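Structure at a glance
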Amino acid sequence: MRGNELLYKLELVDPAFIEAAEEQPRRKRAVWLQWGAAAACLCVIAAAFTFHHGTGRLPSPGPGGIAPEPVMSQDVSPTVTDAAVTPAQPDTVYVDMGKIVVNKLSDDQVDASRIAYDPELYDVDVPWDKEDVAEYYGRTLTPSYIPEGLIPTNPEGAARVVIRKEDGNLVWDTVHYGYYQVFGTWEDGAPRLIDQRCVYHGFGVSASRVGLTDCCIYLYDEVTPSDIAGVPVTIGYCSMSHGPYDPETHTPAGYYDLYVAEFTLDGIQFKITAYEMDLEDVVKVAASIICPEQEIALELPEP
């Protein structure tokens, strides 16, 4: 019933009834007040519930001055805050070392020199900075895993390319990155990267889209690649001799380990040449190039 209608109806009530209502015992009036107070409390609770779980604001009066009925929201699920969201953990790449195949390399492997280009026909040694290399290759070439104690020999990530003058095409795009242990300095102040046996400790990475000019010679016709994160990687090994050599028998003073890992990824040929490194570290370096944003875990075979 609207307010105006209520006032109109009250005017029609016999005054005798109103006087009789005022003469009711005080105890009954108190009971009515108690129930009225309880009803008022329930109304306050209901209004608070509607405000909290409904639209989040009190309803505005309509054109007639009467507030519309509050609309209850159907979705009363608690709000998920940023603090409740667990950050994503980096994926881990697992490599089963029991399935890594090591092919036999010849100690006469080709590690070759750069091709000579006629300066009349080619722009030789065109400098590229790190941004040029990244734009050309479209991905990082450097490994995310570097064994402890090795320092980069190309920290700027630069390269020098060769471009054919006739059509502007690249004919040499190889980028080299080295990570080696330092054994003091030379007389000119340059870091000494070889030990007293003239042996490196570390590894080098070569990458090219055009094609690497150096290659490895394997002792057997059939070469078996290993699967590292879904990429076929050919791993070779040979025991390399080092000096000083006996002047009469040419017997070496000793031998050191050399591993090579070759693979193609995203149209880029990679070659890792590792000196005096464990096979496990060679595999982790290769895996960190293949999966630069993932952690690498090796599963070692049981002894």
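Each chain carries its own residue numbering, running from 1 in the direction its sequence is written. The predicted origin of the model limits local features to residues at a pLDDT of at least 70 and limits the giving and counting of side-chain atom pairs to 80 or more, whereas totals for whole chains, interfaces and linings rest on all residues. Calculated side-chain values reflect all of the structure's heavy atoms, with hydrogen atoms and water omitted.

**A closer look at the overall build of the protein chain**
Cut-off, in case you're wondering: The helix count covers DSSP runs of H or I at least four residues long, the strand count covers runs of E at least two residues long, and both are numbered beginning at the N terminus. Only protein chains enter the accessibility calculation, which uses a 1.4 Å probe; a residue whose area is less than 20% of its type maximum is buried, one above 50% is exposed, and one in between is partly exposed. Every residue pair with non-hydrogen atoms within 4.5 Å of one another is taken to be in contact. Per-residue accessibility takes into account occlusion by the displayed protein chains alone, with areas from the Shrake-Rupley method and a 1.4 Å probe.
On a plain count of helices and strands, the protein chain comes out with 5 helices and 13 strands. Burial statistics for the protein chain: of 303 residues in total, 29% are counted as buried. Taking all contacts inside the protein chain whose residues are at least 6 apart in sequence as the whole, residues at least 24 apart take part in 67%. Just so you have it, the protein chain exposes about 20600 Å², and 54% of that area is on carbon and sulfur atoms.

**Considerations on the nonpolar core**
Applied cut-off: Definition used in this section: a nonpolar core is a set of buried Ala, Val, Leu, Ile, Met, Phe, Trp, Tyr and Cys residues joined via side-chain atoms within 4.5 Å.
Residues Leu141, Phe203, Ile228, Phe263, Phe270 and Ile272 are the most contacted members of the largest nonpolar core, which totals 41 residues. Apart from the residues lying within four places of it in its own chain, the contact partners of leucine 141 are Val133, Val175, Tyr177, Val205, Ala207, Ile268, Phe270 and Ile289. One finds Tyr180, Val199, Cys216 and Val260 within the second-largest nonpolar core, a separate group that totals 12 residues.

**Remarks on the environment of histidine 201**
To keep it simple, the criterion reads: Two N or O atoms form a polar contact when they lie within 3.5 Å of each other; inside protein one atom must be a possible hydrogen donor and the other a possible acceptor, and for residues adjacent in sequence the pair counts only when both atoms belong to side chains.
Mapping histidine 201 onto the fold places it in the loop between strand 7 (175-180) and strand 8 (202-208). What makes histidine 201 buried here is its relative accessible area of 17%. Taking the C-alpha atoms as reference points, histidine 201 and tyrosine 179, 22 residues apart in sequence, are found 8.6 Å from one another. Non-local contacts of histidine 201, meaning those with residues more than four positions away in its chain, are made with Leu150, Tyr179, Tyr180, Gln181, Phe183, Leu193, Asp195, Tyr275 and Glu276. Among the polar contacts made by the side chain of histidine 201, one reaches the side chain of aspartate 195 at a distance of 2.8 Å. Of note is the side chain of histidine 201, whose polar atom sits 3.5 Å from the side chain of arginine 197.

**Some points on the pairing of strand 5 (residues 159-164)**
We count it as follows: Pairing between strands is defined by DSSP: at least two bridges between the two strands are required.
Two elements, strand 3 (residues 122-128) and strand 5, share 5 bridges in a ladder whose sense is antiparallel. The partner of tyrosine 122 across the bridge, within strand 5, is arginine 164. Hairpin remark: strand 5 followed by strand 6 (residues 170-172), antiparallel, with 5 residues in the connecting loop; positive phi at glycine 168, about 80°.

**With respect to the confidence of the model for the protein chain**
Condition: pLDDT measures how confident the predictor is about each residue, on a scale from 0 to 100.
In the predicted model, the protein chain carries a mean pLDDT of 79, and 68% of its residues have values of at least 70. In the predicted structure, residues 6-10 sits below a pLDDT of 50 and forms 2 contacts with residues beyond four places in sequence or in another chain. The model gives residues 43-68 a pLDDT under 50, and that stretch makes 22 contacts with residues more than four places away or in other chains.

**Points about helix 4 (residues 130-137)**
Helical geometry: 3.6 residues make up each α-helical turn, so side chains three or four residues apart lie on a common side. Where helix 4 begins, one side-chain oxygen reaches toward the backbone nitrogen of glutamate 131, 3.1 Å away; that side chain belongs to aspartate 129. Two residues or fewer past helix 4, glycine 138 is found with a positive phi of approximately 75°.

**As for the pairing of strand 1 (residues 92-96)**
By the alternation rule, side chains of strand 1 split into Val93 and Val95, which are all buried, and Thr92, Tyr94 and Asp96, of which none is buried. As paired elements, strand 1 and strand 13 (residues 295-299) share 5 bridges and run parallel to each other. Note that in strand 13 the partner of valine 95 across the bridge is leucine 298.

**Concerning the environment of aspartate 214**
Within the secondary structure, aspartate 214 sits in the loop between strand 8 and strand 9 (226-228). Its relative accessible area of 15% is what places aspartate 214 among the buried residues. In the structure, aspartate 214 is positioned 57 residues away from lysine 271 in sequence and 9.3 Å away in space, judged by C-alpha atoms.

**Here's the deal with unusual backbone geometry**
Note that the residue after glycine 243, namely proline 244, is joined by a cis bond; omega there is 5°. In this fold, proline 244 is placed in the loop between strand 10 (231-242) and strand 11 (254-265). For aspartate 125, which is not a glycine, the phi torsion comes out positive at approximately 55°. By the secondary structure assignment, aspartate 125 is in strand 3. At cysteine 198, a residue that is not glycine, the phi angle is positive and equals roughly 65°.

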